[in-house]
Amino acid sequence: MSIADNIKTLKTQTVPKKVSLVAVSKTKSVAEIQEAYDAGQRLFGENMVQEMVEKQEQLPKDIQWHQIGHLQTNKVKYIAPFISMIESVDSIKLLQEINKQALKNNRVIDCLLQIYIADEETKFGLGFDEAIELLRSDEFAELKNVKIRGLMGIATNTDMEKQIRDEFQELKVFFEGLKQSFFRKEESFNVISMGMSADYELAIEEGSTMIRVGSTIFGGRVIKHWKNN
Ligand SMILES: *Cc1c(COP(=O)(O)O)cnc(C)c1O
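From a predicted model like this one, the values you see are computed outputs, not experimental measurements.

Participant: Sorry, what's going on with the overall build of the protein chain here?
Facilitator: Check the secondary structure of the protein chain and you find ten helices and eight strands. Computed over C-alpha atoms, the radius of gyration of the protein chain comes to 17 Å, within 12% of the 17 Å expected from 2.2 N^0.38 for 229 residues, which places it in the range of a compact globule. Considered along the principal axes of its C-alpha atoms, the protein chain spans approximately 50 × 45 × 35 Å. Taking all 229 residues of the protein chain together, 51% fall into the buried category. Within the protein chain, contacts between residues at least 6 apart in sequence are counted, and of these 60% link residues at least 24 apart.

Participant: Could you clarify how one ought to interpret the nonpolar core in this entry?
Facilitator: The tendency in soluble globular proteins is for nonpolar side chains to be buried side by side. Core analysis: the largest hydrophobic core is formed by 64 residues, its most contacted members being L95, I98 and L113. The element that contributes the greatest number of residues to this core is helix 8 (residues 161-182), accounting for six residues. Apart from the residues lying within four places of it in its own chain, the contact partners of L113 are E87, V89, L126, A131, L134, L135, I148, G150, L151 and M152. Counting seven residues, the second largest nonpolar core, distinct from the first, contains V22, M85, M152 and V191.

Participant: Honestly, the packing of helix 6 (residues 128-136) against helix 8 in this entry has me stumped. Any pointers?
Facilitator: The geometry of helix 6 relative to helix 8 is characterised by a closest axis approach of 12 Å and an angle of 20 degrees between their N-to-C directions. Classified by the angle between their axes, helix 6 and helix 8 sit roughly parallel to one another. Where helix 6 crosses over helix 8, the handedness of that crossing is right-handed. Along its contact with helix 6, which presents F128, A131, I132, L135 and R136, the element helix 8 presents E170, F174, L178 and F182. In terms of residue class, the contact of helix 6 with helix 8 is made up of seven nonpolar, no polar and two charged.

Participant: Quick question: what am I supposed to make of the site of the ligand here?
Facilitator: For the ligand, the full set of nearby residues is V24, K26, I68, I154, M196, S197, R212, V213, G214, S215 and R221. The contact in question runs from an oxygen atom of the ligand to an N or O atom on the side chain of R221, over 2.8 Å. Protein contact buries 88% of the 390 Å² of open area that the ligand shows by itself. Within the shell around the ligand, the residues separate by chemical class into five nonpolar, three polar and three charged.

Participant: Mind showing me how you'd approach helix 1 (residues 3-14) here?
Facilitator: In an α-helix there are 3.6 residues to a turn, and that puts residues three or four apart on one side. Under the 1.5 Å per step criterion, the end-to-end length of helix 1 is 16 Å for twelve residues, consistent within 8% with the ideal 16 Å. Within helix 1 the residues assigned to the buried category are I3, A4, N6, I7 and L10. Against strand 1 (20-24), helix 2 (30-38), helix 9 (200-205), strand 8 (210-213) and helix 10 (215-218) lie the buried residues of helix 1.

Participant: What is the right way to read the pattern of salt bridges from this model?
Facilitator: Pairs can form between side chains of opposite charge once their charged atoms are near each other. Throughout the structure, instances matching the rule amount to ten salt bridges. The partner of K55 in a salt bridge is E51, and the shortest N-O contact between them spans 2.7 Å. Placement of both K55 and E51 in helix 3 (residues 49-58) is noted, with a separation of four residues, approximately one turn of the helix. A relative accessible area of 10% places E51 in the buried class. With a shortest N-O distance of 2.8 Å, R165 and E205 are connected by a salt bridge. Note that R165 is positioned in helix 8 and E205 in helix 9, a separation of 40 residues in sequence. Taken together, the shared-partner salt bridges in this structure form one network comprising E161, R165, E205 and E206.

Participant: Where do I start with the environment of A23 in this structure?
Facilitator: Along the polypeptide, A23 turns up in strand 1. Residues A23 and F44, 21 residues apart in the sequence, show an inter-C-alpha distance of 4.6 Å. With residues near it in sequence (within four places) discarded, A23 still touches Q41, L43, F44, G45, V213, I217 and F218.

So, how was this worked out
- Residues numbered from 1 in each chain as written.
- Predicted model: local features only at pLDDT ≥ 70, side-chain atom pairs only at ≥ 80, totals over all residues.
- Heavy atoms only, no water.
- Helix = DSSP H or I, 4+ residues; strand = E, 2+ residues; numbered from the N terminus.
- Rg over C-alpha atoms; globule rule 2.2 N^0.38 Å.
- Buried < 20%, exposed > 50% of the residue type's maximum accessible area, 1.4 Å probe, protein only.
- Contact = heavy atoms within 4.5 Å.
- Core = buried A, V, L, I, M, F, W, Y, C linked by side-chain atoms within 4.5 Å.
- Axes fitted to C-alpha atoms, helices over the stretch in contact; angles between N-to-C directions.
- Parallel < 35°, antiparallel > 145°, perpendicular 65-115°, else oblique.
- Left-handed = near helix turned anticlockwise from the far one by under 90°.
- Nonpolar A, V, L, I, M, F, W, Y, C, P; charged D, E, K, R; others polar.
- Near = heavy atom within 4 Å.
- Polar contact = N/O pair within 3.5 Å; in protein donor to acceptor, adjacent residues only side chain to side chain.
- Areas by Shrake-Rupley, 256 points an atom, 1.4 Å probe, with all protein chains shown as cover.
- Expected span 1.5 Å × (residues − 1).
- Salt bridge = Lys/Arg side-chain N within 4 Å of Asp/Glu carboxyl O.

Pasting the structure below:
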């Protein structure tokens, strides 16, 4: 099936209207992204700053770009003018830099806290305690040009459905707890980004409001430079 067919199938058959579909286009070419765009897709996710910036320059300006991979503080300035959402906030230091660059660009940048839920040795994401500590901190209270819209999590890469479900449930429960404790008056704290190609159906059943889907839309990724494919 073509990229356009894959998007159409997802949108009409598998993904409920209330769940946002982020098309993860990392390693994919500008032409492939344009094909998805022409099929009506406007939300795209990338994990490498330079790749996203180069694509952003060449593609329609009404695309909403999401940063989904670990972000180094010294790269924030390159995406701050246009980024729609940074899903991978994993430290107060990063959030402070996003705030600083957002201020320079006279805007407020939507962010998700990336929460570590997998039973794996991954390097990035906040533990539950760390996320609470961040939200309670005086440093966070001072930031006026970032808006925390919700949480993002990546489940363990496993065939064990129960484990994946349990991890998604943990994220959902944690989200509800934070909402009660820190965001009771803020309607805009309403995003739970969980679910990828392998597990988005489970994630939706467990309360996901945003899925990040790459290979189901664009096909598998081989390691080659995006400009040469
Ligand atoms: C690559 C990636 C995805 C998409 O993965 P697929 O399995 O291709 O759907 C989703 N989220 C993050 C954080 C990623 O890095």
